[in-house]
Amino acid sequence: MMKNEKIKGISTIIWDCDYTIWLHQKNELEAIISKAVGIPYTEELKRQHLEFFVAFRKRFADDRVTFDEVAKVIQESMPILSKYGVTGAEFLYKWNHSEAGIENKEAKEVLKYQKEKGYNIVVLTDWFLDSQIILLKKFELFQYVDKIYACDNEYMKPHIKSAERIVKPGNESEYVIIGDSLKSDIGLANNAKIKSIWYNPYKNENTTPYIPTAEVASLLEVIEIIE
């Protein structure tokens, strides 16, 4: 773990969602998503679902994300769906409304504290707006967020155009992003020249070229870092 220094002069705090504000269980595809879609869980479904994520990141690395195009990627990388008469669009819609996620109680405590301190709190997510609003409301976090920037018809992190929706040129020193992904969240911060906090609960070694401003194993540490 790196040694942290105070991060000062911040007015806007940017939060990642998945694996930061909320977590995910290992058997989520089996326990929640496949049931929501109405298809049986199999190891083949699991394998193709993982292949979708790889294809998704590759397809939209330099392009705007749209529902129709994501549905097409699902259709192509998960041919098992056709066996059950499910289209990529149907799978995506039901997945988005499945409420898949686990509450991160630390995030709730930190968001409440930051809201009371008067920070501008925004969410920057690489998934669709509807599904993120559902989870923010489910975990009673929606009231702490001033604005949500989702991937609907937009670029994903770490593309600089994703940051340009939030960061005002000349005011980069006033922003910090909190996220678990070195490539997406910390990479975005490096590209946009803003500060970053890497949420690293498993204390993994950073072997990437992406350099965070600070690193925390617990989100509660964020309260002491940002001034």
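Here the structure is a predicted model, which is why all the values come from computation and not from measurement.

Chemist: How would you explain the packing of helix H1 (residues 28–37) against helix H2 (residues 43–59) if you had to name every residue and give the values?
Modeler: Orientation of H1 relative to H2, taken along the N-to-C sense of each, is 85°, at an axis distance of 11 Å. Overall, the two elements H1 and H2 adopt an arrangement that is roughly perpendicular. On H2, the residues touching Leu-29, Ile-33 and Ser-34 of H1 are Leu-45, Lys-46 and His-49. Per-class residue counts for the contact of H1 with H2 are 3 nonpolar, 2 polar and 1 charged.

Chemist: Before we move on, could you go through H1 and cite the residues and values that matter?
Modeler: Taken together, the buried positions of H1 are Glu-28, Leu-29, Ile-33, Ser-34 and Val-37. All buried residues of H1 lie within an arc of 125° about the axis, which places them on one face of the element. The inward-facing, buried residues of H1 abut H2 and helix H4 (88–96).

Chemist: Give me the lowdown on the sheet that holds strand S8 (residues 214–216), citing residues and values where you can.
Modeler: Strand pairing in a sheet takes place through backbone hydrogen bonds and is either antiparallel or parallel in direction. As summarised here, the arrangement of the 6 strands in space is S5-S4-S1-S6-S7-S8, forming an open sheet in which the pairing is parallel. Strands at the two margins of the open sheet, each flanked by one partner only, are strand S5 (147–149) and S8. The sheet shows a mean angle of 20° between the axes of neighbouring strands, taken without regard to direction. As defined by bridge partners, strand S6 (residues 175–179) adjoins strand S7 (residues 195–199) across 4 bridges and the pair is classed as parallel. When the sheet's bridge partners are listed, Val-176 is paired in S7 with Lys-195. Contacts between helix H8 (residues 182–192) and the sheet are confined to strand S4 (120–124), S6 and S7, with S7 contributing the most and set at about 165° to the helix.

Chemist: Break down the pairing of S6 for me, citing the residues and quoting the values.
Modeler: Judged by how many residues are buried, S6 sits mostly within the fold: 5 of 5 residues are covered. Traced from S6 through H8 to S7, the parallel crossover comes out right-handed.

Chemist: Break down the nonpolar core for me, citing the residues and quoting the values.
Modeler: Soluble globular proteins: nonpolar side chains tend toward being buried together. Counting residues in each nonpolar core, the largest one holds 31 residues, and the members touching the most others are Trp-15, Ile-21, Ile-197 and Ile-226. Of all the elements in the fold, those that place two or more residues in this core are strand S1 (12–15), helix H5 (105–116), S4, helix H6 (129–138), S6, S7, S8 and helix H9 (221–225). Non-local contacts of Ile-197, meaning those with residues more than four positions away in its chain, are made with Ile-7, Val-176, Ile-177, Ile-178, Gly-179, Ile-186, Ala-214, Val-216, Val-222, Ile-225 and Ile-226. Counting 25 residues, the second-largest nonpolar core is a separate cluster that includes Val-70, Leu-92, Ala-100 and Cys-151.

Chemist: Lay out the side chain of Ser-98 with the relevant residues and their values.
Modeler: Positionally, Ser-98 belongs in the loop between H4 and strand S3 (102–103). Polar side-chain contacts of Ser-98 include one of 2.8 Å to the backbone oxygen of Trp-95. Ignoring any residue separated from it by four or fewer positions in sequence, one finds Ser-98 in contact with Ile-32, Ile-33 and Ala-36.

Chemist: Got a sec to walk through the pattern of salt bridges? Specific residues and values, please.
Modeler: Counting across every chain of the model gives 13 salt bridges. Asp-126 is paired through a salt bridge with Arg-57; the nearest N and O atoms lie 3.1 Å apart. Of this pair, Asp-126 sits in the loop between S4 and H6 while Arg-57 sits in helix H2, placing them 69 residues apart in sequence. The class for Arg-57 is partly exposed, based on a relative accessible area of 34%. Its salt-bridge partner being Glu-154, residue Arg-165 comes within 3.9 Å of it at the nearest N-O pair. Within this pair, whereas Arg-165 is found in the loop between helix H7 (160–163) and S6, its partner Glu-154 is found in the loop between S5 and H7, the two being separated by 11 residues in sequence. Taken together, the shared-partner salt bridges connect Arg-59, Asp-63, Glu-69 and Lys-72 into one network.

Chemist: Help me get a handle on the environment of Val-54, residues and values and all.
Modeler: When you line up the elements, Val-54 lands in helix H2. For Val-54, a relative accessible area of 61% translates into the label exposed. Each C-alpha atom of the pair Val-54 and Ser-34 lies 19 Å from the other, and the pair is 20 residues apart in sequence.

Calculation notes
- Residues numbered from 1 in each chain as written.
- Predicted model: local features only at pLDDT ≥ 70, side-chain atom pairs only at ≥ 80, totals over all residues.
- Heavy atoms only, no water.
- Axes fitted to C-alpha atoms, helices over the stretch in contact; angles between N-to-C directions.
- Helix = DSSP H or I, 4+ residues; strand = E, 2+ residues; numbered from the N terminus.
- Parallel < 35°, antiparallel > 145°, perpendicular 65-115°, else oblique.
- Contact = heavy atoms within 4.5 Å.
- Nonpolar A, V, L, I, M, F, W, Y, C, P; charged D, E, K, R; others polar.
- Buried < 20%, exposed > 50% of the residue type's maximum accessible area, 1.4 Å probe, protein only.
- Arc of directions from axis to C-beta.
- Pairing = 2+ DSSP bridges.
- Right-handed = clockwise from strand over helix to strand, strands pointing away.
- Core = buried A, V, L, I, M, F, W, Y, C linked by side-chain atoms within 4.5 Å.
- Polar contact = N/O pair within 3.5 Å; in protein donor to acceptor, adjacent residues only side chain to side chain.
- Salt bridge = Lys/Arg side-chain N within 4 Å of Asp/Glu carboxyl O.

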